[in-house]
Amino acid sequence: MNNIKDTFLLDPNITFLNHGSFGSCPRPVFQEYQKWQQKLEHQPVQFMTDKVYSALKESRIALSEFMGCNEDELVFFPNPTTATTNIIFNLDLKPGDEILMTNHEYGALVRAWTAWGKRTGIKIVQQNIPAPLDTEERFIEEFWKGVNVRTKVIFISHITSPTALIFPIEQILARAREKGLITIVDGAHVPGQVDLDIHALGCDYYIGAIHKWLCGPKGSSFLFVKKEHQKWMKPVVYSWGKNGEDPGPSEFLQDFQWQGTRDMSAFLSIPTAIEFYHQEISSLQSKCREMNLHAFSEFQSILGTKPISSGGNWLGQMVSHPLPDHASPDLKEKLWTRHKIEIPVFEWNGLQLIRLSVQIYNQQNDIDSLMSALPSLI
Ligand SMILES: Cc1ncc(COP(=O)(O)O)c(C=O)c1O
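Residues numbered from 1 in each chain as written. Predicted model: local features only at pLDDT ≥ 70, side-chain atom pairs only at ≥ 80, totals over all residues. Heavy atoms only, no water.

## What about the nonpolar core?
By size, the foremost hydrophobic cluster in this structure holds 95 residues, and its most contacted members are Tyr206, Phe222, Leu335, Ile354, Leu356 and Leu370. With 9 residues, helix H2 (residues 44–67) is the single largest residue contributor to this core. Viewed by domain, this core spans two of them, domain 1 (3–27 + 281–377) and domain 2 (30–277), each represented by three or more residues. Counting 26 residues, the second-largest nonpolar core is a separate cluster that includes Ile122, Tyr205, Ile207 and Leu223. (Core = buried A, V, L, I, M, F, W, Y, C linked by side-chain atoms within 4.5 Å. Buried < 20%, exposed > 50% of the residue type's maximum accessible area, 1.4 Å probe, protein only. Helix = DSSP H or I, 4+ residues; strand = E, 2+ residues; numbered from the N terminus. Domains from an automatic or database assignment.)

Pasting the structure below:
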């Protein structure tokens, strides 16, 4: 795993343990991104009015094959937040209806749902899933306690951001289907971290980031919308769509793909990101997971606190662990200024958590540096 770090654009003099927030882009993918930007500038009108559409389609085909869905069920967004906002604004619900989510969801999106709930009278319910998370059955049971006759939508992370847990969502989605609930899965951390088959999952909407674990350029994300919902999905940003000049058989794609002038190069680099994944990332992932599991145990002995899950299948390439009550409020700052270690420390549910990410450019000595720095800083 030694030289792979050189393939990334990361500063070689830092210990970067926060791929989960903003991952670094590998050189071949970044070069492809710049190649598209140059193509655009070479003949902007031809590119924007013609060439971009077939290139977008090729990108959608590559991504749909990677994630188990159809090309015309996908639209690109610069990030999961805008993709989710486009779903929120399309939901046709009444005051008093409920959206059920867990207390592990990504804060900015909880904020987006809450702001919309305040305006519409729709209730946002965050079901508490008590830690430590151990069995799948208990997880489902605890989550399902939040379902009642007013529940209309389930919004759930596939891999959580604050707690870095892989949620076993399959049965929740199956039960929701039986009850006719709309299901929206936040899979920002999934593509490139765990295998994904969207059709097999059977959700209504799936949101994913390409610029996290699949190492695409920043600004590459997608929204999957099941065919039956496409007819009533309209973009928050209206531009030329069905009535414009852009070609294409699907009103849904026409409405979403042109959102005014913008640089789509990040979207067009997705096939290269997928190629890089197959060539470089996939074979090193089991090693990353092993390192992560080892860190899960080390955190417990070094920090002396109980984990928030039983480990094992709950973890992929990230782990969040509680800091002791007496931990320094400046821990993140000290790790960076004294040791050049980049790692997030934040509050969640009354706990101070530290979240480790292990990407293929990390080596065991990166984690060792963290573990040896922690005791004197907390
Ligand atoms: C689980 C999850 N969902 C959504 C997002 C939102 O991503 P962005 O801020 O790029 O829109 C993030 C960002 O880290 C995330 O971790």
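On we go from here.
## Quick look at the pairing of strand E7 (residues 205–209)
Of all the 5 residues making up E7, 5 are buried; the element is thus mostly covered by neighbouring parts of the structure. Side chains Tyr205, Ile207 and Ala209 of E7 all project onto a buried face; the interleaved residues Tyr206 and Gly208 project onto the opposite face, where all are buried too. The pairing of E7 with strand E8 (residues 221–225) spans 5 bridges and is classified as antiparallel. Bridging from a neighbouring strand, Tyr205 pairs with Val225 of E8. (Pairing = 2+ DSSP bridges.)

## Comments concerning a nonpolar patch on the surface
Residues Phe89, Val236 and Val237 make up a contiguous nonpolar surface patch of roughly 250 Å² in combined accessible area. Checked against the element boundaries, Val237 lands in the loop between helix H8 (227–230) and helix H9 (251–257). (Patch = residues over 30% accessible without salt bridge, like charges linked within 9 Å, V, L, I, M, F, W, Y side chains within 5 Å. Areas by Shrake-Rupley, 256 points an atom, 1.4 Å probe, with all protein chains shown as cover. Salt bridge = Lys/Arg side-chain N within 4 Å of Asp/Glu carboxyl O.)

## So, the side chain of Ser161
With respect to the secondary-structure elements, Ser161 resides in the loop between strand E5 (151–157) and helix H6 (170–179). Residue Ser161 is classed as buried on the basis of its relative accessible area of 12%. Ignoring anything within four residues of it in the chain, the contact list for Ser161 reads His104, Tyr106, His189 and Arg355. (Contact = heavy atoms within 4.5 Å.)

## Some thoughts on the pattern of salt bridges
For the coordinates displayed, the defined rule picks out 14 salt bridges. As a salt-bridge pair, Lys57 and Glu71 come within 3.9 Å of each other at their nearest N and O atoms. Taken together, the positions of Lys57 in helix H2 and Glu71 in the loop between H2 and strand E2 (74–77) put the pair 14 residues apart, joining distant regions of the chain. With a relative accessible area of 17%, Glu71 lands in the buried category. Close ionic contact of Glu142 with Lys145 constitutes a salt bridge, the shortest N to O distance being 3.2 Å.

## A short note on the site of the ligand
Around the ligand, the surrounding shell consists of Asn79, Pro80, Thr81, Tyr106, Leu109, Ile159, Ser161, Asp186, Ala188, His189, His211 and Lys212. One of the side-chain N or O atoms of Ser161 is found 3.4 Å from an oxygen atom in the ligand. His189 places a polar side-chain atom, nitrogen or oxygen, 2.7 Å from an oxygen atom of the ligand. For the ligand, whose unbound accessible area comes to 390 Å², protein coverage reaches 87%. (Near = heavy atom within 4 Å. Polar contact = N/O pair within 3.5 Å; in protein donor to acceptor, adjacent residues only side chain to side chain.)

## Here we look at the domain arrangement of the chain
Domain annotation for the chain reports domain 1 (3–27 + 281–377) and domain 2 (30–277). Between the C-alpha centres of domain 1 and domain 2 the distance comes to 27 Å. Here domain 1 and domain 2 share an interface that buries about 2,800 Å² over both sides, 59% of which is from carbon and sulfur atoms. Summed over the shared surface of domain 1 and domain 2, the result is 22 residue pairs in polar contact (both at pLDDT 80 or more). Per-class residue counts for the side of domain 1 that touches domain 2 are 17 nonpolar, 17 polar and 3 charged. (Buried area = accessible area lost by both parts, 1.4 Å probe. Nonpolar A, V, L, I, M, F, W, Y, C, P; charged D, E, K, R; others polar.)

## Description of the sheet that holds E8
Judged by pairing direction, the sheet is mixed, and its 7 strands sit side by side in the order E2-E8-E7-E6-E5-E3-E4 without closing on themselves. The sheet terminates laterally at E2 and strand E4 (123–127), the two strands that pair on one side only. Put simply, the sheet's adjacent strands are angled 20° from each other on average, direction ignored. As paired elements, strand E3 (residues 98–102) and E4 share 5 bridges and run parallel to each other. Across the sheet, residue Glu98 finds its bridge partner in E4, namely Lys123. Lying on the sheet, helix H3 (residues 80–88) is in contact with E2, E5, strand E6 (182–187), E7 and E8; it crosses E7 at an angle near 165°. The sheet contacts of helix H4 (residues 107–120) involve E3, E4, E5 and E6, and relative to E3 the element is tilted by about 165°. (Axes fitted to C-alpha atoms, helices over the stretch in contact; angles between N-to-C directions.)

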